Structures are given as C-alpha cells and as structure tokens.
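Here's the letter readout for the chains.
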Amino acid sequence: MERFVFLVAIASALLASSTASAEIVEHSFIVKKLTVRKLCHEQVITAVNGSLPGPTLRVREGDKLVVHVLNESPYNVTIHWHGVFQLLSAWADGPAYVTQCPIRPGHGYTYKFNITGQEGTLWWHAHVSWLRATVYGALIIRPRSGHRYPFPKPHKEIPILIGEWWNANVVNVESQGRLSGLPPNNSDAYTINGRPGDLYPCSKKQTYKLKVVQGKTYMLRIINAALNNQHFFKIANHRMTVVSVDAAYTEPYLTDVVVIAPGQTTDVLVTFDQRIGSYYMAAKPYASTVPAIPFDNTTTRGLILYEGDTSPAPVMPALPDFDDTPTAHRFYTNLTGLAGGPHWVPVPLHVDEHMFVTVGVNLLRGGQRFAASMNNESFVLPSRLSMLEAFFDNVSGIYTTDFPDKPAVKFDYTNPNIGNTSLIFTKKSTKVKKLKFNSTVEIVLQNTAFLAIENHPIHVHGFNFHVLAQGFGNYDVVNGPKCFNLVNPQSRNTIAVPVGGWAVIRFQANNPGVWLAHCHLDVHLPLGLAMGFQVENGPTPSSMLPPPPPDLPKC
Ligand code: C2O
C-alpha cells in the first residue's frame with residue numbers, strides 16, 4: 001500500500017496574536033483507481049491516497065485545515081466536509097454544482113477552512129454521484145492545547161467508520177437506477193473501517209480487529225458513512241456512554257445500542273471492564289420503511305480483543321430487529337446537548353422565519369417514475385454553473401429563490417391513503433429559500449406517506465441546528481411548541497426525522513452563501529430530496545462571502 005504525503009506546517013508564529021497554538025494542517029488527497037478484493041471478488045474502486053477508508057484527518061479546534069485534492073480518477077470529483085467552518089467555507093463546502101463545479105479528471109482544487117467552535121468527530125466524503133461509497137474518511141477535532149474534554153480523557157481514540165459495499169462500480173449502479181427510474185441495486189455488504197467482517201463470504205481475514213487493555217476506557221468515534229442505511233451498533237457485553245454527536249458535546253448518555261443515520265457521527269466512551277476475552281462489535285441496518293421494501297439486510301462485525309485473550313469463541317451481541325423503531329426513537333430522542341459545555345450555543349429564542357417542509361418520496365408528474373421532494377419541489381442540480389457562483393456573480397437562470405415556506409395545500413401528511421390522490425405527483429425545480437444574514441429559521445420537517453413512510457436523515461450544510469422536538473404522525477402546529485426543549489436540545493448537522501413523523505429544528509443563518517439541505521440516503525438525493533438556502537451577506541467585511549478562490553474549478 002502506498003504511503004501518503006502528509007504535510008503538517010506549523011505556523012504558530014503567523015497566528016501567534018490570536019490563537020497561541022493554532023496550526024495550519026495541510027494534506028494532499030490523490031483521488032485515483034484502486035483494485036481491491038472483497039467478498040471473493042476483485043473490484044476497481046476510486047479511493048483517496050490508495051486507502052479505504054481514506055486518510056483520517058486530525059486537527060485541533062482553532063486550526064486551519066488546507067487539503068489539496070488532485071483528481072487522477074476518470075470521474076468528476078468534489079469533497080464535502082461535514083461541519084460548520086468559517087472563512088472561505090462556502091467555497092470549500094463541496095457539493096457538486098451547489099458550491100463549486102466538479103474537479104475534472106486531471107485537475108485539482110485546494111479546500112481551505114478554519115476549524116472553529118466544534119470538537120468531536122466529523123467526516124469528509126465525495127459529493128458527486130455515488131463516489132462517496134469509497135471516497136470518505138474521518139475528520140477528528142480535538143480540543144486546542146490547554147483545553148480539555150468535558151469528560152475524563154480516554155486511553156485511546158478509535159475511528160469506527162461504517163461503510164457500504166457493492167460488488168460493482170458504484171457510479172454505474174447509480175446511473176443505471178437513474179436511467180431506469182427504478183431503485184438502484186442494493187449493496188452487497190456493510191463494512192467496519194473498510195472490512196466486511198466474518199459473516200460474509202471470503203471475509204474471515206477481512207475483519208476489523210481492535211486490541212484493548214482490560215480496565216481502560218476508549219473512545220469510539222463512530223461514523224455512518226453507509227449510503228442508504230441507518231444502523232444499530234452494539235458491542236457484546238459492554239455498554240457505551242455517548243458524549244458527542246456531529247461534533248457537538250452531549251449530556252453523557254449510557255446505552256447498550258447506538259443508532260446512527262448516514263451522515264451522522266456519534267462518539268462513545270467504552271470501559272473494557274469485562275472478563276478477558278473477545279467480543280464482537282456489530283452493525284446492522286435500521287430499515288424503517290412501511291410498507292417494507294427490499295434492502296441489504298446483512299450484518300458487519302469486527303472484533304474487540306482483550307490483551308491476554310485466549311478464548312476461541314468471541315461473544316456476539318443480540319441486535320435489534322431491522323424495523324425496531326421504538327429502540328431507534330428512544331436513542332434518537334434521549335440525547336440532549338451539553339448546555340454550558342465547550343462551544344455550547346444557546347437556542348435562539350426569537351424566530352424570524354417559520355417553515356413547514358414536507359419530506360418524502362413521490363412520483364414525477366406525467367409518468368410513473370419515482371421522484372422525491374421537499375414541499376413537493378423535486379430538486380435538480382444545475383449543470384452550467386454552480387449555485388454559489390451564480391449567487392456571487394448575480395447570474396440568473398441557474399436557480400430561483402421561491403422555495404415555498406409551506407406546502408401549497410394542507411393535507412393529512414401521514415395518512416397511508418394519500419398515495420391515491422393527485423398530491424402524489426411532484427415536479428422538478430431548483431429552488432432555494434432566501435435568508436437574511438443572522439436571521440433565525442425554524443423548520444418543521446414532516447414526513448409524508450405517498451409511497452411509504454420512512455425515516456429520512458436530513459443533513460443541512462453550513463449550519464448546526466438545535467433539535468427542539470420530534471414525534472410521530474402529523475405535527476400539531478398549535479400544541480407542538482409546548483414540547484420544545486429550549487434548554488439543552490441536541491445540536492447536530494443531520495437529523496433522522498422519525499418514520500411517519502416530524503422533527504423541529506432551529507438555527508441562525510450566520511454563514512453567507514448557498515447551502516444544500518438534503519436527505520443523506522443516496523437513493524433519495526438524485527431523486528430530488530433536497531432544497532437550498534441562500535444566506536445573504538452581513539453588514540461587515542467578515543460577514544460577507546469572499547470572492548471565489550482562483551483555483552475554483554470551471555464547469
Ligand atoms: Cu454528507 Cu451533502 O452531505
């Protein structure tokens with residue numbers, strides 16, 4: 001395997017005045033073909049620096065991260081960085097045709113941003129076609145020197161990336177689905193740190209192993225990098241304490257199961273205090289769709305080996321049923337933010353913009369093709385120019401700013417019979433909601449039942465939001481606000497909206513630019529389950545979108 005270029009330039013002198021220990025952390029990402037063997041099968045994939053998952057980036061809060069991406073693959077590439085970053089961040093956000101045109105084969109682009117106001121686990125992935133199946137990695141933010149975790153320092157910190165694997169070229173899997181108008185093929189396996197684990201054929205040696213010392217506490221930084229499936233994650237005989245989600249600290253939450261949606265991250269502390277032995281960690285899908293549809297119902301597992309272990313048979317955890325919504329809901333709703341902890345942002349109490357946004361899968365008007373929509377607008381990416389460039393240069397014809405604040409008509413959103421009405425039909429558009437700089441927006445995300453109800457993980461670029469409340473059925477506009485947690489709600493960038501239910505989120509639009517909000521299931525994004533925010537410039541130079549970097553790729 002190829003060693004990769006790893007350049008850490010220390011620029012403390014340069015930044016000495018404001019941030020005593022801040023560094024410029026510089027990396028090079030070479031994106032190119034890689035041949036790997038998995039599941040008795042040889043497959044050419046696209047990967048960064050010859051590894052799957054790609055490199056783990058480690059920074060401290062306050063650092064500046066600079067990543068030079070060179071595209072030596074045959075495909076268009078962009079990289080998106082989960083989290084909220086300041087300075088040039090909009091130009092570095094990455095979704096193709098939203099904030100930049102793709103990096104064409106043979107070309108490069110340098111992503112630059114400041115790591116501020118966040119600690120914990122984030123991640124990066126390709127944001128074009130389905131390439132993110134193999135182009136992804138961890139982004140770990142630790143406290144700056146002299147600062148501490150709001151919990152005892154773990155003995156070791158281990159990234160655990162749950163991935164999804166096809167015995168096929170994922171770019172073709174997606175385009176075949178898109179051309180046929182039918183769902184693309186299901187995956188063949190899930191992986192932990194790139195390894196499927198010993199429940200899959202030819203995979204005994206492809207099992208991730210973690211050696212631990214009895215009595216010590218480890219931090220597992222769990223990332224769901226799978227494309228289309230949420231997961232239940234368990235460790236046999238061990239409980240976990242959640243301490244942060246999406247790089248925002250939580251009130252410590254003790255649990256025997258973690259539920260994690262694509263896009264989300266969950267940091268847990270685990271004390272390995274059991275008998276010396278070996279224990280499986282395992283992940284299997286939480287598939288919420290009702291009525292159920294076929295999905296890859298397999299289990300990936302890795303091994304936790306206590307030092308000194310000689311036992312022949314590892315212990316396997318009992319995993320919830322794939323449709324165990326009560327367990328998923330309990331986990332997702334029991335998490336609370338660490339109010340007053342490092343980087344805690346209080347909930348803004350005055351709301352400037354109220355939005356009610358339906359979320360679901362429907363049919364395209366004039367045919368029987370699947371489509372997905374938010375407020376019945378099925379989002380299509382532009383192809384001539386990125387939306388952010390159109391915003392900056394005032395170019396019309398790329399998108400419009402009339403994304404509706406609410407559905408055109410009120411209906412019984414979660415009634416299973418609404419699929420028989422003409423409301424099922426949606427139309428394509430490229431619309432954003434315009435927000436004034438620093439305005440506070442509250443959004444009710446409401447699942448619809450046209451073809452099925454389903455838990456959709458909605459990811460918002462550019463902002464962390466507070467999750468004020470979640471529930472099942474139709475949101476009650478009158479009584480809903482009585483249940484809001486305005487004191488210590490979880491703060492996240494991806495919310496798994498309950499199946500056949502709703503979630504209320506709130507954030508302050510303090511980041512000028514054009515930002516995508518979308519379902520993080522990759523079967524739904526190309527179907528149009530997305531919308532955009534256009535956040536206007538603020539009054540001061542530091543609150544204005546800077547000009548594009550000179551190397552911004554051309555369409
Ligand atoms: Cu992790 Cu727009 O995506």
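Residues numbered from 1 in each chain as written. Predicted model: local features only at pLDDT ≥ 70, side-chain atom pairs only at ≥ 80, totals over all residues. Heavy atoms only, no water.

(A) View of the overall build of the protein. Helices and strands together make up the secondary structure of the protein, namely 5 helices and 33 strands. In terms of overall dimensions, the protein has a C-alpha envelope of 65 × 60 × 50 Å along the principal axes. A burial count over the protein gives 60% of its 555 residues as buried. Sequence-distant contacts in the protein: of pairs separated by 6 or more residues, those separated by 24 or more amount to 78%. Carbon and sulfur atoms make up 54% of the accessible area of the protein, which totals about 21800 Å². Between the mean site of the 45 positive side-chain charges and the mean site of the 39 negative ones, the protein shows a separation of 3 Å. (Helix = DSSP H or I, 4+ residues; strand = E, 2+ residues; numbered from the N terminus. Buried < 20%, exposed > 50% of the residue type's maximum accessible area, 1.4 Å probe, protein only. Contact = heavy atoms within 4.5 Å. Areas by Shrake-Rupley, 256 points an atom, 1.4 Å probe, with all protein chains shown as cover. Lys, Arg positive; Asp, Glu negative; His and termini not counted. Charge placed at Lys NZ, Arg CZ, Asp CG, Glu CD.)

(B) Broad picture of the sheet that holds strand 9 (residues 136-142). Spatial strand order, 4-9-8-6: 4 strands in an open sheet with mixed pairing. Two strands in the sheet have a free side with no partner beyond their single neighbour: strand 4 (57-60) and strand 6 (79-81). The mean angle between the axes of side-by-side strands here comes to 20 degrees, regardless of whether they run parallel or antiparallel. In this structure, strand 8 (residues 120-126) lies alongside strand 9, joined through 6 bridges in antiparallel fashion. In the strand pairing of strand 9, Thr121 is matched with Ile140. (Pairing = 2+ DSSP bridges. Axes fitted to C-alpha atoms, helices over the stretch in contact; angles between N-to-C directions.)

(C) Local environment of the environment of Gly360. By the secondary structure assignment, Gly360 is in strand 21 (residues 353-364). For the pair formed by Gly360 and Ala372, sequence separation is 12 residues and the distance between their alpha carbons is 5.7 Å. Setting aside residues no more than four positions away along its own chain, Gly360 makes contact with Ala372, Ser373, Asn447, Thr448, His456 and Leu529.

(D) Layout of the pairing of strand 10 (residues 156-165). Buried residues dominate strand 10, accounting for 9 of its 10 residues. Of the strand pairs in this sheet, strand 10 and strand 13 (residues 217-224) are connected by 7 bridges, and their pairing is parallel. Of the residues in strand 13, the one forming a bridge with Ile162 is Asn224. Direction of pairing for strand 10 relative to strand 11 (residues 189-192): antiparallel, over a ladder of 4 bridges. Its bridge partner lying in strand 11, Ile162 is registered against Ile192.

(E) How the structure looks around the packing of aromatic side chains. With the rule as written, the count across this model stands at 24 aromatic pairs. Note on Phe29 and Trp124: the rings are 4.6 Å apart at their centroids and 50 degrees apart in plane angle, and the pair reads as tilted. With Phe29 in strand 2 (residues 24-38) and Trp124 in strand 8, this residue pair connects regions lying 95 residues apart in the sequence. Trp124 shares its class with Phe29; the two are buried. For the pair Trp91 and Phe392, a centre-to-centre distance of 5.9 Å together with 75 degrees between the ring planes defines the contact as edge-to-face. (Phe/Tyr/Trp six-rings, centres within 6.5 Å; stacked < 30°, edge-to-face > 60°.)

(F) Expanded view of the sheet that holds strand 25 (residues 432-435). With mixed pairing, the 5 strands of this open sheet are ordered in space as 25-33-32-27-30. The open sheet has two edge strands, strand 25 and strand 30 (494-497), and neither has a second partner. Within this sheet the neighbouring strands show an average axis-to-axis angle of 20 degrees, counted without direction. Looking at chain direction, strand 27 (residues 456-460) and strand 30 are connected through 4 bridges and run antiparallel. Residue pairing across strands places Pro457 opposite Ala496, the latter belonging to strand 30.

(G) Inspection of the confidence of the model for the protein at higher detail. Model confidence for the protein is summarised by a mean pLDDT of 94, while 96% of its residues fall at 70 or above. Confidence drops under pLDDT 50 across residues 1-19; counting only partners more than four residues distant or on other chains, this segment forms 25 contacts. (pLDDT = per-residue confidence, 0-100.)

(H) Up close: the domain arrangement of the protein. Entries for the protein in the domain assignment read domain 1 (2-142), domain 2 (156-334) and domain 3 (353-543). Summarising the inter-unit geometry, the C-alpha centres of domain 1 and domain 3 are found 26 Å apart. On the side of domain 3, 28 residues touch domain 1, which itself brings 24 residues to the contact. When domain 1 packs against domain 3, the two sides together hide about 1900 Å² of surface, and 62% of this comes from carbon and sulfur. The largest contributions to the domain 1 side of the interface with domain 3 come from Trp91, Tyr97 and Val98, which together make up 32% of the buried area. Where domain 1 touches domain 3, the interface holds 1 salt bridge. Salt-bridge contacts for Asp522 lead to Arg132; the nearest nitrogen and oxygen are separated by 3.2 Å. Our enumeration of links across domain 1 and domain 3 arrives at 12 residue pairs in polar contact (both at pLDDT 80 or more). Among the elements of the structure, helix 2 (89-92) and strand 8 are those that each provide at least two residues to the side of domain 1 that touches domain 3. Partitioned by chemical class, the residues of the side of domain 1 that touches domain 3 number 12 nonpolar, 10 polar and 2 charged. (Domains from an automatic or database assignment. Buried area = accessible area lost by both parts, 1.4 Å probe. Salt bridge = Lys/Arg side-chain N within 4 Å of Asp/Glu carboxyl O. Polar contact = N/O pair within 3.5 Å; in protein donor to acceptor, adjacent residues only side chain to side chain. Nonpolar A, V, L, I, M, F, W, Y, C, P; charged D, E, K, R; others polar.)

(I) Here's a closer look at the state of the cysteines. This structure, assessed with the given rule, holds 2 disulfides. A sulfur-sulfur distance of 2.0 Å marks the disulfide that ties Cys40 to Cys202. An S-S torsion of about 100 degrees defines the bridge between Cys40 and Cys202 as right-handed. Placement of Cys40 in the loop between strand 2 and strand 3 (41-48) and of Cys202 in the loop between strand 11 and strand 12 (209-212) is noted, with a sequence separation of 162 residues between them. Taking relative accessible area as the criterion, Cys40 reaches 40% and is therefore assigned partly exposed. We classify Cys202 as exposed; its relative accessible area is 56%. Assigning the bonded cysteines of the protein consecutive numbers by sequence position, one obtains the connectivity 1-3, 2-4. (Disulfide = S-S within 2.5 Å.)

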